[in-house]
Amino acid sequence: MFCLHKYSQKLFILLILCLINSPLQAALDIEIFGGGASQIPITIVPFVNETSLPQSISTVVANDLQSSGLFKMIDSDGLALHASEEINYVGWANRGSSALVIGETTLLLDNQIEVRFYLIDIAKQTQLTSLITTVHTTQLRTVAHQIADIIYQALIGEVGIFNTRIAYVVKRETSYILQVADADGFNAQPVIEYTEPIISPAWSPDGSKLAYVSFENRKPVVYVQTLATGVRTELANFEGSNSAPAWSPDGKTLAIVLTKQGGSQIFLINADGSGLKKLSKHAGIDTEPSFSADGQSLIFTSDRGGSPQIYRMAINHASGGLIERLTFEGNYNVSPEFSRDGKQFTFIHRNNNRFSVAVQDIATRQMQLLTNSQFDESPSFAPNDRVILYATEINGRGILSTVSSDGQTRQQFSSLEGDIREPAWGPFRSIKE
Amino acid sequence: MKKLWGVLMISMLSACASQTTQQAVEVEERLIGSGGVEQQASTAEGQGVNSNDATFHPLKDPNNILSKRSIYYDFDSYVVMNEYRALVLAHADYLRKNVNAGVLLQGNTDSRGSREYNLALGQRRADSVKNIMLLSGAKASQVESVSLGEEKPRAMNQDESSWSENRRTDIIYWGE
């Protein structure tokens, strides 16, 4: 056992060394299955003067785009290019590039940087979009994520998720730390730290607050914490266990799970802790509620059929409080979360002792397995529904991974240290934030 | 790190021991309290607090079923299996005869699947033991059931022996 442990430790150290030694290594290890033919070939030219900045913008943009699995990076040979220079369209086309990203940075007073960026369509020989903005040096990663989102939207036609945030829990020695990081795993900030477990972080729809479950009072209690101020309130501390918070789409209500009346039952509670209302009446386990996009129904895990399965419940009892079973494959389907458009949900499906990420279409009821790992947990959709973030385990250590909702691209967050679990993807952010 | 492995080793030892002799469990409990492999030799040689006592309290007597404190389960099950019924009934009987005693029942699960579902499952496990105790004459005020879900594993490995060790309700008497 000790030998095994030493072995895995060595592997881990080796992995870390690899990361340190390769300057282009992003926070993500990317695995792409197929789909290569439909990737857009793009060249990200190093931004003028960015080598003198504390953070290169073009490498962050390139890593972001690459992580989507939808772009193929065409090398620029490291040539920085001024916007005023003539563009050799034929030369870039011959290299196989169909889009070109160029940019300039200018250091102003007080650590302010002017950033200019242009996206060029090489075939049409036109400029597709551009951005000129001034940011503080500490905001260079953020502006790079914004640029990647602009490129993604211009070329893919959907809203990008690079300038969003994720929350997750890190276990280090005897402490549990709830953290928030950029979607690429960088810029991690602690939200709260305790020596007792923290589980089930849930973003408010506006991204300003996190609800979570802490065991600091020797039992599970639900808290809501405002990220900007650090101020937190006790949302639910009733007799017994309080857990599984989920925000309604309007942010006014949360669904929570309480055992105060026996069993684990779903309740609604106002975001200020008032107006507790019981939703489920089953005496066994009802847990892990997730709201539909219109806020009119919940999906949740229940053992009412003898094994944990996913059910849907109408919230408005005028409709009879109809409860309908959604999953039928296998005898263990848990942790459902609706996509933001409400058309599908992701969950954990157990098959031959493997716990893997799956999605199911609400209308067709078609289930699709997206991973083949052994210990996947806690899947959550990116705000554009294109990607699912989940926790898994490698060499006994919890790590975060993503899989595209079509199963084509998988990635691991290798830069985050510690034993990581319970990820939740935050909502879109406004540019001003 | 060394300390962690010490505790882990002890946890695993105690996992094995719970199936064998209770004397070993007694020793290991004290070891966990002293928290290090280095102390194993001296404690095992009999410098522990109670090891020289001629008689044991019934809850501590290794020959008494009341010294057994763990009920184990199948995956995703909260059914108290027949082999553990005598154990639960003995504790219920003790509570009935000792009205000033009381227990905390802690339900645990293995680490696989959903943390929230496991929290609820651990509660059902503790509740299932509580229900048998109440039906057998213990008072509700003597029995509290809580769940630790998969959050406080006793065995840390990802294999069947660790998982089955962690699918467990522990009976802890007040003051222990």
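Conventions used here
Residues numbered from 1 in each chain as written. Chains lettered and ligands numbered in written order. Predicted model: local features only at pLDDT ≥ 70, side-chain atom pairs only at ≥ 80, totals over all residues. Heavy atoms only, no water. Helix = DSSP H or I, 4+ residues; strand = E, 2+ residues; numbered from the N terminus. Buried < 20%, exposed > 50% of the residue type's maximum accessible area, 1.4 Å probe, protein only. Contact = heavy atoms within 4.5 Å. Areas by Shrake-Rupley, 256 points an atom, 1.4 Å probe, with all protein chains shown as cover. Core = buried A, V, L, I, M, F, W, Y, C linked by side-chain atoms within 4.5 Å. Buried area = accessible area lost by both parts, 1.4 Å probe. Salt bridge = Lys/Arg side-chain N within 4 Å of Asp/Glu carboxyl O. Nonpolar A, V, L, I, M, F, W, Y, C, P; charged D, E, K, R; others polar. pLDDT = per-residue confidence, 0-100. Pairing = 2+ DSSP bridges. Axes fitted to C-alpha atoms, helices over the stretch in contact; angles between N-to-C directions.

### Some remarks on the overall build of chain A
Within chain A, the secondary structure is distributed over four helices and 30 strands. In chain A, which comprises 433 residues, the proportion classed as buried is 53%. Pairs at least 24 apart in sequence give 43% of the contacts found in chain A among residues at least 6 apart. Summed over all atoms, the accessible surface of chain A reaches about 18900 Å², with 50% contributed by carbon and sulfur.

### With respect to the overall build of chain B
In terms of regular secondary structure, chain B is built from six helices and four strands. Its helices and strands taken in sequence order, chain B reads α-α-α-β-α-β-α-β-α-β from the N to the C terminus. Per-residue burial for chain B yields a buried fraction of 51% across its 176 residues. Long-range contacts, defined here as pairs at least 24 residues apart, represent 68% of the contacts in chain B between residues at least 6 apart.

### Notes on the side chain of Glu104(A)
One can find Glu104(A) in strand E4 (residues 99–107). Once you skip the residues sitting within four places of it in the chain, Glu104(A) turns out to touch Phe47(A), Val48(A), His82(A), Ala83(A), Ser84(A), Glu114(A), Val115(A) and Arg116(A).

### Focus on the nonpolar core
Burial of nonpolar side chains together is a common tendency in soluble globular proteins. Ranked by internal contacts, the top residues of the largest apolar core, which has 26 residues, are Ile57(A), Val61(A), Leu65(A) and Ile151(A). Per element, the largest residue contribution to this core is seven residues, and it comes from helix H4 (residues 140–156) of chain A. Discounting chain neighbours no more than four positions away, the residues touching Leu65(A) are Ile42(A), Ile44(A), Leu70(A), Phe71(A), Met73(A), Ala148(A), Ile151(A), Tyr152(A) and Phe162(A). In this structure, Ile71(B), Tyr84(B), Val103(B) and Val143(B) belong to the second largest nonpolar core, which totals 24 residues.

### Regarding the environment of Leu59(B)
Considering the arrangement of structural elements, one finds Leu59(B) in the loop between helix H3 (40–47) and strand E1 (70–72). Along the sequence, Leu59(B) and Arg69(B) sit ten residues apart, while their C-alpha atoms lie 9.3 Å from each other.

### Regarding the interface of chain A and chain B
Tallying the contact residues gives 35 residues for chain A and 27 residues for chain B. For the pair chain A and chain B, the summed buried surface comes to about 2700 Å²; carbon and sulfur atoms form 61% of the total. Taken together, the links from chain A to chain B amount to four salt bridges. Here Lys152(B) makes a salt bridge to Glu196(A), at a shortest N to O gap of 2.6 Å. Listing elements by their share of the side of chain A that touches chain B, those giving two or more residues are helix H1 (2–21), strand E10 (198–203), strand E14 (242–247), strand E18 (286–291), strand E22 (333–338) and strand E30 (419–425) of chain A. Of the residues in the side of chain A that touches chain B, the class split is 15 nonpolar, twelve polar and eight charged.

### Considerations on the confidence of the model for chain B
Summarising the model, chain B shows a mean pLDDT of 78, and 69% of its residues fall at 70 or more. Low pLDDT, under 50, characterises residues 6–52 of chain B; the predicted model gives this stretch 43 contacts beyond four residues in sequence or across chains.

### Focus on the sheet that holds strand E6 (residues 126–136) of chain A
All names here are of chain A. Ordered in space as E3-E2-E4-E5-E6, the five strands form an open sheet in which the pairing is mixed. Two strands bound the open sheet, and with one partner strand each, they are strand E3 (71–73) and E6. Ignoring strand direction, the axes of neighbouring strands in this sheet form an average angle of 25 degrees.

### Overview of the sheet that holds strand E8 (residues 175–182) of chain A
All names here are of chain A. In spatial order, the strands read E9-E8-E7-E30; together these four strands make up an open sheet with antiparallel pairing. Single-partner strands in this sheet number two, and they are strand E9 (189–194) and E30. Geometrically, the sheet is characterised by an average inter-axis angle of 20 degrees between neighbouring strands, direction not taken into account. Where strand E7 (residues 165–172) and E30 come together, five bridges link them in antiparallel fashion. In the sheet register, valine 170 faces E30, and the bridge partner there is isoleucine 420.

### A closer look at the pattern of salt bridges
All names here are of chain A. Inspection of every chain in the model, using the stated rule, returns 24 salt bridges over all chains. One salt bridge in this structure joins arginine 304 and aspartate 286, with 2.7 Å as the shortest N-O distance. Of this pair, arginine 304 sits in the loop between strand E19 (297–302) and strand E20 (309–314) while aspartate 286 sits in strand E18; the two residues are 18 residues apart in sequence, bridging distant segments of the chain. Its relative accessible area of 31% is what places arginine 304 among the partly exposed residues. Relative accessible area serves as the criterion here: at 0%, aspartate 286 is assigned to the buried category.

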